[in-house]
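Examination of the molecular architecture
What follows is each chain in one-letter form.
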Amino acid sequence: MMKILVVEDDQATSETLTTLLNQCSYAVETATDGETAADLVAAFEYDLLLLDVMLPKIDGVTLCRQLRNQGHTMPILLLTGKGDSHDKAVGLDAGADDYVVKPFDLEELEARIRALLRRGHLYTTPILEWGQIQLDPSSTQVSYRQQLLALTPKEYALLELLMRNPRRVYSCGMLLEHLWTYEDMPGEEAVRTHIKGLRHKLRDADAPADMITTVYGIGYRLKPLAELEKEAPSFQEENQAAIANIWQRYQARISRQVQVLEQASAAFQTHQGQLNPEQQQRAEQEAHTLAGALGMFGIHEGTDLARQIEQLLRLPQPLGTEYIKQFQVQVKTLRQTIEAYGPFTPTDVSESLPPLPSLLVIDADRDWIKDLTEQASHWDWTVRAVMDLDAAQTALTQDLPQVILLDPAVADHKNQTIAFLEKVTHFTPPIPVLFYGSPNGLHSRLEVARLGGKAYLEKPIVPKQVLHEVDRVLHQSQAITAKVMIVDDDPHLLQFLPPLLEPWGFKVSTLADSRLFWQTLVAAAPDLLILDVEMPDVSGMELCQIVRNDPYWQNLPIIFLTAHTEAEIVNQIFVLGADDFVSKPVVGPELVVRLVNRLERMQLSQQLWQVDTLTKAYKRQPAIPRLEQMMKRAQESQQPLSLGLVKVMNLRNINAEFDLETGDSVLRQVGYALCQGCGQEDVVARWSSNEFLMGLQGIQSDDALHHIQHLCQDYLQTHQQTNDAVPIQLDLGVVQYPEAGKTLSALYKAADQHRQREAD
C-alpha cells in the first residue's frame, strides 16, 4: 500500500483528493500548510507528495525546493490554479516531477500518480512473483500454485511491500510508516499480529514456512527460495563481525563493572552486610546493566548470575551471613565466567539469539497437549507440559515461561491452586495464567477472576483458539520499560510508589523538595512526570507550566496526583497542559494502568521525533541534552568521554554526479555502521546534512579515534566491494571532554578542527 501526503489548504479539494486516493487503495495523510508538511516529511516516509503551490507559511514551490535540498527523493506532483509556461518551469526547476493545473480531471490525476510511482521504481513488474506465489497489483489478488489466498487488506499490503523489496529488512516501525497513516497508526504489536496472520495463511496453502523471515533484533524480510540457504550465512557473518568488535571494545568496561560488584562484596563483609546508599545504588545499576549486556555476547550463565546478584542487592539491609556468603560466591563465579569466555568467537552468535516465547501447560490430557505442541511450532512458541502442580513448581525453578495454561482439574483442592498462583504473581513481572476447563458458567469465570487468572477458556477447545488467546494475553501483560519521576512532598507516598511501579518495568526517581526540580529533571531524564498539585515553595501546577514552556521538555507526559476532584481544579490542571490526573489516596492498579496507557500512546510519536528516519541516528535537537548529560556523568564519575565527528566530504558531488537516492544510500549506510559500532550508553547523532557527531562514554580519545577509524574503514571496504563506482570520502576528528572544551559547542568546534588537521 503506497502512502501519499496531500498538502492542500482548501478543505473541499483536500477531502475530494483523499476520498479518490483512498478508493484507489492508497494510504493518505493531509496537511493544510507548508510548515506542517515539512514536519511530516521529516518524521515519516511517503511514496508521493501531492503539493498545492499556493500554501500558507511555506508555499509549495519553496517547500519542494527545500525538500530536494534536504535529499528527499519521493515523487512530487504540484497542483496549481495557474497554467502559464513560466509557472510550470519554476515548479519543475524547484524539483517537482509533474505539474497539474486546476480544475483537473480526477481520472487524469490518478493516471499521473500511477505514472510517477512507476517512474520511482516502486513497481518492478506488472505481476510480482516469488517462487510459486504470484501477486497481481491491478486486481490485488494473491495466489499460491494457482490457488487464491484470502488476505486482509493489511496482510496484502505487507506482502506486496516485501515482494517489491525482497532484499530489504523492514523493522516494525518502518512497516508502520509505510502501511498506516499517522492518525490511524497502532502500536508495533499490530505489525506482529498481521505478520503472524499472513504466515499462517501462507502455511495453510502449503507455501514455504520460512518465506517471511524474522531477522532477530532488526525486523522482517522476504528471501528468494534459491537464496535462502546462501544468504543466511553471509548475514550471520556480518552480525558476528559486529558483535566481535563490540566485545573487544567493551571487554575492559565489563571488567570494571564486575570490579564494582567485587568492592560491594568486600564492603558487605567489613560492614556487617551494609552498603552506603551510593555504593548500593551503583552496584545494583552495574548488576542490572551486566544482566542485559552479557546475554548479547552469548554469556547466558553470566546473565543469570548478574540477575541473582541484582536481586540480592534489592533485599533489605543489613544482609544476613547466609546472604553475604551467597553474594560473594556469585560475584566470584561471575568474574570466572567472564574470564573463561575470553575473546569473542563467531560460533557464539547463534547461541545469543533470543529464545522463542515459552508456554507452560499444566494438564493431564496427553493427546490434547500433543496437538497443542504441534500447532504451537507454527506460531513460534515452545511448549513445556507437566501433569500436576508439583511438577509445575519444579519447572518454574528451572526456566520461567512467558505464559501459563492451567487446567484447574489437575489440583486436588482449590487451596493448592491458590498457593501456586500466589507464587506466580510474585515473579517480576508476574506471569499471566490462563485457565481452561469444563463449562461451568458464571461461577467458574468468577472463580478465575478472584484467583487472578487472565482468561477462562471452556473445553472442548482447539489448540489454535488457545494460542490466539495466549498471544493476546502475553502482549497485554508485557511490561513497559520507562523512567518515571515523581515529585511530591509526602514521604510516605514516595516510599509507597516505587515498589508498586518497578515490577512493571518502570525505573522510578523521586523528589520531595520541589525547589530542586529542574536539576533533578535534567539528571533523571524521565519518560513521564508525576506531580502533586499542592506542595510548599513551588506547586505542581507551577512546575507543569515550567515544563510546558521549555522547548525540549514541552511534550513530556504529565500526570497529576491530587486530593481535589472539584471541576474547577481539574479544569485548571488540564488547561496548564496535564495529560491525566489520579485522585488521592492513590489506588495502585489504577495508577499503573494510566501510566502504561499514557506511555504507549506517547512512545511512537516520541521515537519518531527523536530518530532521523534516513540514518536511524538521533536527530540533532534530541541528541543535545543526551550528550550534555553524558558530559555531566563524566564529570561526576571522573570517567573519560570522547566526542567524534564523522563527515561525508563529497556528499554534494555524489548527489550531482549520480543522484539523490545514491547520496541517501551512502548516508543511511554510514549511519548504520556508526550506530552498530556503539554501545547502549553512547550517542550517535546526525548533526547536519553530511555530519555525524558521536559521544563515546568511558573511552580515551586515542582509543575512540582508533575505534571510529576502524568502523569507517570497515564500511569503506564493504562499500568498495559492492559499489566501487561511487567514491566516498570520510573525514573524522576526535576530542576528549573536558580537555578540548567544557561545552558541547566548544567540543564540536575542536573536533572539526582536529578533522581538518587530520585531512591535511
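Provided above is the structure to which this section pertains.
In this text the structure is predicted, and so the values were computed from the model without any measurement. (Residues numbered from 1 in each chain as written. Predicted model: local features only at pLDDT ≥ 70, side-chain atom pairs only at ≥ 80, totals over all residues. Heavy atoms only, no water.)

1. Describing the packing of aromatic side chains
For the coordinates displayed, the defined rule picks out three aromatic pairs. Ring geometry for F574 versus F581: centroids 6.2 Å apart, planes at 75 degrees, classification edge-to-face. The ring of W687 carries R620 above its face, with NZ or CZ at 4.9 Å from the centroid. (Phe/Tyr/Trp six-rings, centres within 6.5 Å; stacked < 30°, edge-to-face > 60°. Lys NZ or Arg CZ within 6 Å of the ring centre and 35° of its normal.)

2. Re the sheet that holds strand β19 (residues 528-532)
Across the sheet, five strands lie side by side as β18-β17-β19-β20-β21; this open sheet has parallel pairing. Two strands in the sheet have a free side with no partner beyond their single neighbour: β18 (506-511) and β21 (580-583). Neighbour-to-neighbour, the strand axes of this sheet turn through a mean angle of 20 degrees, independent of strand direction. Here four bridges tie β19 to strand β20 (residues 558-562), and the two strands are oriented parallel to one another. Along β20, the bridge assignment pairs L529 with I558. (Pairing = 2+ DSSP bridges. Helix = DSSP H or I, 4+ residues; strand = E, 2+ residues; numbered from the N terminus. Axes fitted to C-alpha atoms, helices over the stretch in contact; angles between N-to-C directions.)

3. Remarks on unusual backbone geometry
Note the cis peptide between Q317 and P318, where omega equals 5 degrees. Inspection of the secondary structure puts P318 in the loop between α11 (300-313) and α12 (321-341). Residue P738 follows Y737 across a cis peptide bond; omega there is 0 degrees. Looking at where P738 falls in the secondary structure, it is placed in the loop between β25 (730-737) and α27 (744-759). At Q272, a residue that is not glycine, the phi angle is positive and equals roughly 50 degrees. You can see Q272 is positioned in the loop between α9 (228-270) and α10 (277-296). Of the residues examined, Q272 reaches a relative accessible area of 60% and is grouped as exposed. The phi dihedral of D537 falls on the positive side, at around 70 degrees, and the residue is not glycine. Classification of D537 by relative accessible area gives exposed; the value is 56%. (Buried < 20%, exposed > 50% of the residue type's maximum accessible area, 1.4 Å probe, protein only.)

4. Quick look at helix α25 (residues 660-676)
Across its 17 residues, α25 extends 24 Å between first and last C-alpha, which sits within 8% of the 24 Å expected from 1.5 Å per residue. T662, G663, D664, V666, L667, V670, G671, A673 and L674 are the residues of α25 that are buried. Near the N-terminus of α25, the side chain that reaches the backbone nitrogen of E661, with its oxygen 3.2 Å away, is that of D659. (Expected span 1.5 Å × (residues − 1). Polar contact = N/O pair within 3.5 Å; in protein donor to acceptor, adjacent residues only side chain to side chain.)

5. Topic: a positive patch on the surface
On the surface, K483, K507, R626 and R633 cluster together into a patch of positive charge. Inspection of the secondary structure assignment puts K507 in strand β18. (Patch = residues over 30% accessible without salt bridge, like charges linked within 9 Å, V, L, I, M, F, W, Y side chains within 5 Å. Areas by Shrake-Rupley, 256 points an atom, 1.4 Å probe, with all protein chains shown as cover. Salt bridge = Lys/Arg side-chain N within 4 Å of Asp/Glu carboxyl O. Lys, Arg positive; Asp, Glu negative; His and termini not counted. Charge placed at Lys NZ, Arg CZ, Asp CG, Glu CD.)

6. A few points about the pattern of salt bridges
Summed over the entire model, instances satisfying the criterion amount to 15 salt bridges. The salt bridge involving E284 is made with R314; its shortest N-O contact spans 3.1 Å. Separated by 30 residues along the polypeptide, E284 in helix α10 and R314 in the loop between α11 and α12 bring together distant segments of the chain. With a relative accessible area of 43%, R314 lands in the partly exposed category. Close ionic contact of D731 with R755 constitutes a salt bridge, the shortest N to O distance being 3.6 Å. Pair noted here: D731 is in strand β25 and R755 is in helix α27, with a separation of 24 residues, a long-range link.

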